[in-house]
Amino acid sequence: MALKCGIVGLPNVGKSTLFNCLSNAKAQSANFPFCTIDPNVGVITVPDERLNKLAELVHPEKIVPATVEIVDIAGLVKGASKGEGLGNKFLANIRETDAIIHVLRCFDDPNVVHVDGSVDPVRDKEIIDAELQIKDLETVESRLSKVQKQAQTGGDKQAKQVYETLIKYKEALEQGRNARTVTFETKDERKIARELFLLTNKPVLYVCNVDEASAVTGNAFVDKVRDTVPSEQAEILVVAAKIESEIAELETYEEREMFLREIGLKESGVNRLIKAAYKLLNLETFLTAGPQEVRAWTYRKGSKAPQCAGVIHTDFEKGFIRAEVIKYDDYTGYGSEAAVKEAGKMSVEGKEYVVQDGDIMHFRFNV
């Protein structure tokens, strides 16, 4: 399952610094706008301590973690929806992502210029929101012009539902609200909404980039952001990108852990960000464990066994017979697959089984 998150934000808010911490790809980071002209793409691993624990028991040839693709998208400026700066390119790149990581500058530093002359994360958020809303409104109005007559004069029930959904979005966007603030009651409405692929309907994680002193507790800038986003069902994460770049330069796991303890953090911001992005996309992980590999597989929360089998290979889903399931705690507790089976702790599940995060799966199929 290829997943893509786009890192967006105004110029000089710390996007590329954060991207460099997330990925081995090195985006140019400089103190002027449009430093990142073409989107930089990095494939990052999802932190999962369970893989290492299983590997200690199974001794596989390799460990394969889950991954997420991160795209560092060029900085946006006011007027992007009309093609200002790198606007058209920015909007095309963001449309291709599954979720948005929106970096907001929440630190004062006279040595780092702000494109609008002062630090105000809420204003910065609203600038990007407005540009995306303008493009979404264009999309909605274009669709409305195509279905309005059909919905109002014909007996086409589907066209009427599409029209009513579009009207709800139009009203919200004209009020300066993001599409994700609009809620729908029926399954049909939600399906229509998804198929519009509106930019402001994408799940968003607001990353408040703070100074070192605010890395643990946040600051007044972060509080302002928190007050602004409750209606959006968005996640907020506090990260000090400067500290993260220092952590990334440390050679060993032990050095990184010691550094984190010294500044009062339990986990790096990069790890927290990746996990938050996973949660944002409503994703979970099932595992496979054998002598060849211990591997994490990504699936949508709530998926049933055949769908998860299809994540490994489409033939597994087509010819699904059953799934043999071991709970992670049972596997690590008993120490081996054989010991789990002997204890009667392995379950055999059919097509209706809803896979749980951390399940160790073995699929039986026939094609």
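Numbers given for residues are sequential positions, taken from 1 along each chain in its written order. Residue-level local features of this predicted model are given only where pLDDT is at least 70; pairs of side-chain atoms are given and counted only at 80 or more, and the full residue set underlies all totals for whole chains, interfaces and linings. Each side-chain value is derived from all of the structure's non-hydrogen atoms; neither hydrogens nor water enter the calculation.

Enquirer: How would you summarise the packing of aromatic side chains if you had to cite specific residues and measurements?
Expert: Side-chain rings of Phe, Tyr and Trp, where Trp is taken by its six-membered ring, are said to pair if the distance between their centres is within 6.5 Å; with planes under 30 degrees apart they count as stacked, over 60 as edge-to-face, and otherwise as tilted. Taken as a whole, this structure holds six aromatic pairs when the rule is applied. Here F286 and F363 contribute two aromatic rings whose centre-to-centre distance is 5.9 Å and whose plane-to-plane angle is 90°, an arrangement assigned as edge-to-face. Pair noted here: F286 is in strand β8 (residues 283-289) and F363 is in strand β12 (residues 360-365), with a separation of 77 residues, a long-range link. Here F286 matches F363 in class, with each residue buried. Three or more aromatic residues link up through ring pairs in this structure, and these residues are F286, W297, Y299, F320 and F363. Placement of a charge over a ring requires the Lys NZ or Arg CZ to be within 6 Å of the ring centre, with the centre-to-atom vector within 35 degrees of the ring normal. For the cation-ring pair, R105 lies above F107, with the distance from its terminal atom to the ring centre recorded as 4.5 Å. R295 extends its terminal NZ or CZ atom over the ring of W297, reaching a point 4.1 Å from the ring centre. By the criteria applied, helices consist of DSSP H or I runs no shorter than four residues and strands consist of E runs no shorter than two, each listed in order from the N terminus. The cut-offs for exposure are 20% and 50% of the maximum accessible area for each residue type, with area from a 1.4 Å probe on protein chains only; residues under the lower value are buried, those over the upper are exposed, and the others partly exposed.

Enquirer: I'd like a description of helix α6 (residues 187-195), backed by residues and values.
Expert: In an α-helix, one turn spans 3.6 residues, which is why side chains three or four residues apart end up on the same side. Those residues of α6 that fall on the buried side of the exposure criterion are E189, I192 and A193. What you see down the axis of α6 is that its buried residues fit within an arc of 100°, all on one side. Away from its buried face, by an angle of more than 90 degrees, α6 presents the exposed residues K187 and R194. Only heavy atoms matter for contacts: two residues are in contact if any of them lie within 4.5 Å across the pair. Elements that come into contact with the buried residues of α6 comprise α5 (157-174). By definition, the arc is the one covered by directions from the helix axis to the C-beta atoms.

Enquirer: So, the sheet that holds strand β5 (residues 99-105): which residues are in play, and what are the values?
Expert: Here a strand pair is declared whenever DSSP counts at least two bridges between the two strands. What the six strands build is an open sheet, ordered β2-β4-β1-β5-β6-β7; its pairing is mixed. Two strands lie at the open edges of the sheet, namely β2 (40-45) and β7 (235-239), each paired on one side alone. Strand-to-strand, the axes of this sheet are offset by a mean angle of 25°, without reference to chain direction. Examined bridge by bridge, strand β1 (residues 4-8) and strand β4 (residues 67-72) share four bridges and lie parallel to one another. Bridge pairing in β4 links G6 to V71. This element, helix α7 (residues 220-228), spans β5, β6 (204-209) and β7 of the sheet and lies at about 170° to β7. Angles here are taken between N-to-C directions and fall from 0 to 180 degrees, while the axes themselves are lines fitted to C-alpha atoms, restricted in helices to the stretch in contact. Each of β1, β2, β4, β5, β6 and β7 touches helix α10 (residues 269-280); the most contacted strand, β7, lies at about 170° to it.

Enquirer: I'd love a proper account of the confidence of the model for the chain, names of residues and values included.
Expert: A score between 0 and 100, pLDDT records how confident the predictor is in each residue. In the predicted model, the chain carries a mean pLDDT of 86, and the fraction of residues at 70 or more is 89%. Contacts for the low-pLDDT stretch residues 25-37, under 50 throughout, to residues beyond four places or in other chains number 35 contacts.

Enquirer: Pulling in residues and values, what's your account of the pairing of β1?
Expert: Counting buried positions along β1 yields four of five residues, so the element is predominantly enclosed. The pairing of β1 with β5 spans four bridges and is parallel. Each residue of the ladder has a partner; that of V8, found in β5, is H102.

Enquirer: Please give an account of the packing of α5 against α6 that cites residues and values.
Expert: Where α5 contacts α6, the axes come no closer than 10 Å and their chain directions differ by 65°. The orientation of α5 with respect to α6, classified from their angle, is roughly perpendicular. Where α5 crosses over α6, the handedness of that crossing is right-handed. For the pair α5 and α6, the contacting residues are Q158, Q161, V162, T165, K168 and Y169 in the first and D188, E189, I192 and A193 in the second. Polar here means any residue other than Ala, Val, Leu, Ile, Met, Phe, Trp, Tyr, Cys and Pro, which are nonpolar, and Asp, Glu, Lys and Arg, which are charged; Gly is therefore polar. In terms of residue class, the contact of α5 with α6 is built from four nonpolar, three polar and three charged. By definition in this entry, angles of less than 35 degrees are roughly parallel, angles greater than 145 are roughly antiparallel, angles of 65 to 115 are roughly perpendicular, and the rest are oblique. It is the rotation of the near helix from the far one that decides the hand of a crossing: anticlockwise by less than a right angle makes it left-handed, clockwise makes it right-handed.

Enquirer: Tell me what's going on with the nonpolar core, and back it up with residues and numbers.
Expert: With 71 residues, the main nonpolar core has C5, L22, I70, C106, V207 and L273 as its most contacted residues. Top contributing element to this core by residue count: α10, with seven residues. Ignoring any residue separated from it by four or fewer positions in sequence, one finds L22 in contact with I7, I44, I70, V270, L273 and I274. What we call a nonpolar core is a set of buried Ala, Val, Leu, Ile, Met, Phe, Trp, Tyr and Cys residues that are connected through their side-chain atoms within 4.5 Å. In terms of nonpolar packing, the next biggest core, distinct from the first, is built from 19 residues, V147, V162, L166 and V182 among them.

Enquirer: So what about a negative patch on the surface? Which residues, and what values?
Expert: Grouping into patches uses exposed residues only, defined as over 30% relative accessible area, and leaves out salt-bridged ones; the cut-off is 9 Å for like charges and 5 Å for nonpolar side chains (Val, Leu, Ile, Met, Phe, Trp, Tyr). Working definition of accessibility: Shrake-Rupley area with a 1.4 Å probe, residue cover restricted to the visible protein chains. By definition, a salt bridge exists where a carboxyl oxygen of Asp or Glu is found within 4 Å of a side-chain nitrogen of Lys or Arg. Note on charges: Lys and Arg go in the positive column, Asp and Glu in the negative column, and His and the chain ends are not counted at all. We put the charge of a Lys on NZ, of an Arg on CZ, of an Asp on CG and of a Glu on CD. On the surface, D108, D211, E212, E246 and E249 cluster together into a negatively charged patch. Tracing the backbone shows E246 in helix α8 (residues 241-249). For E246, a relative accessible area of 32% gives the class partly exposed.

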